[in-house]
Amino acid sequence: MYEVNDSVPLDIDKRKFFIAEKKQDEWTRISTLPGPFNDPNMDVANGCFSLDSSRFFFTKCEVNWQYKMVCSIYQSELNKGKWSDPEKLNESVNLPDFTSSHPTMGRESRRNNEVLYFVSDRPGSKGGTDIWFSTRDLSSEKLDFGRPRNCGKQINSIADELTPYFDLDENTMYFSSNGRVNIGGFDILKSKNTGDNEWTKPKNIGLPFNSNADDYYYRKHSINGGYFVSNRKFELEKSTY
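Residues numbered from 1 in each chain as written. Predicted model: local features only at pLDDT ≥ 70, side-chain atom pairs only at ≥ 80, totals over all residues. Heavy atoms only, no water.

**A word on the sheet that holds strand β11 (residues 149-150)**
Part 1: Reading across the sheet, the 4 strands line up as β8-β9-β10-β11 and stay open at both edges, with antiparallel pairing between neighbours. Looking at which strands have only one partner, the edges of the open sheet turn out to be β8 (100-107) and β11.
Part 2: The pairing of strand β9 (residues 114-120) with strand β10 (residues 130-136) spans 7 bridges and is classified as antiparallel. Considered in β10, the bridge of Y117 is made with F133. (Pairing = 2+ DSSP bridges. Helix = DSSP H or I, 4+ residues; strand = E, 2+ residues; numbered from the N terminus.)

Here you go:
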């Protein structure tokens, strides 16, 4: 997991992608993710696939000239079974000296364009970090995304929004926020897309997903279940989550 953070990390090892395998009820880490994604000189995290799984989007983070940790979104293309070297998305998405992170893919309901949702602290944000989006015409051969737009006050608050995940089946965005009435810290909320950047009022998904700690990175796994990240304290053998 990588959080947006302005502080310089103290650890020497860089964050990487790993593979884990689930056998019965136990997860086992197998290895680092093969391919050109991990970078020995930069922290990498927050990966997602394009709608047709032919491109992989993820975040690379490094300290800039102001000693601020800045993240940018990269993409790698699958061609004849091999992933290409990652390329940084254009400066419209990766605004210089500001963070762009936590990519997730969606689809416009009317024009069927591909939508890249991401988190940024760029000018125009309503809080510290907001959720923004940029579209790409699927009928075009160009892979560039257009000028990003803020998802608006229905999604973003005066505080921080992080880790969006767009569920295509529900046409709903799940995300975490610490700027709304919640159980504590960052809570996971959901909001349905009803049109061109129009959203229903976010709903807290409640217990057991949310707690008095920070809860984020939700991914739906079944009708009523999913995976998420939390810094809550609990005894593993007594947990029902």
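Read on, since the account is not over.
**With respect to the nonpolar core**
Part 1: Ranked by size, the top nonpolar core spans 16 residues in total, and within it Y117, I131, C151, I155, M173, F175 and W199 carry the most contacts.
Part 2: Among the secondary structure elements, those contributing two or more residues to this core are β9, β10, β12 (161-167), β13 (172-177) and β17 (215-220).
Part 3: Filtering out sequence-adjacent residues up to four positions away, Y117 remains in contact with H102, P103, T104, G106, W132, F133, C151, F166, M173 and W199.
Part 4: Core analysis: the second largest hydrophobic core is formed by 10 residues, F57, L89, V93 and M105 among them. (Core = buried A, V, L, I, M, F, W, Y, C linked by side-chain atoms within 4.5 Å. Buried < 20%, exposed > 50% of the residue type's maximum accessible area, 1.4 Å probe, protein only. Contact = heavy atoms within 4.5 Å.)

**A closer look at the state of the cysteines**
Part 1: Counted according to the given criterion, the structure contains 1 disulfide.
Part 2: Paired through a disulfide, C61 and C71 show a sulfur-sulfur distance of 2.1 Å. Disulfide C61-C71: the torsion about the S-S bond is 105°, which places it as right-handed. Residue C61 is found in strand β4 (residues 55-63), and its partner C71 is found in strand β5 (residues 69-79); the two are separated by 10 residues along the sequence.
Part 3: Here C61 falls in the buried class, since its relative accessible area comes to 3%.
Part 4: Of the residues examined, C71 reaches a relative accessible area of 1% and is grouped as buried.
Part 5: Its sulfur unpaired, C48 is 14 Å from the next cysteine sulfur, which belongs to C151.
Part 6: For C48, a relative accessible area of 11% gives the class buried. (Disulfide = S-S within 2.5 Å.)

Honestly, that's just the spatial picture; any functional story needs more than this.
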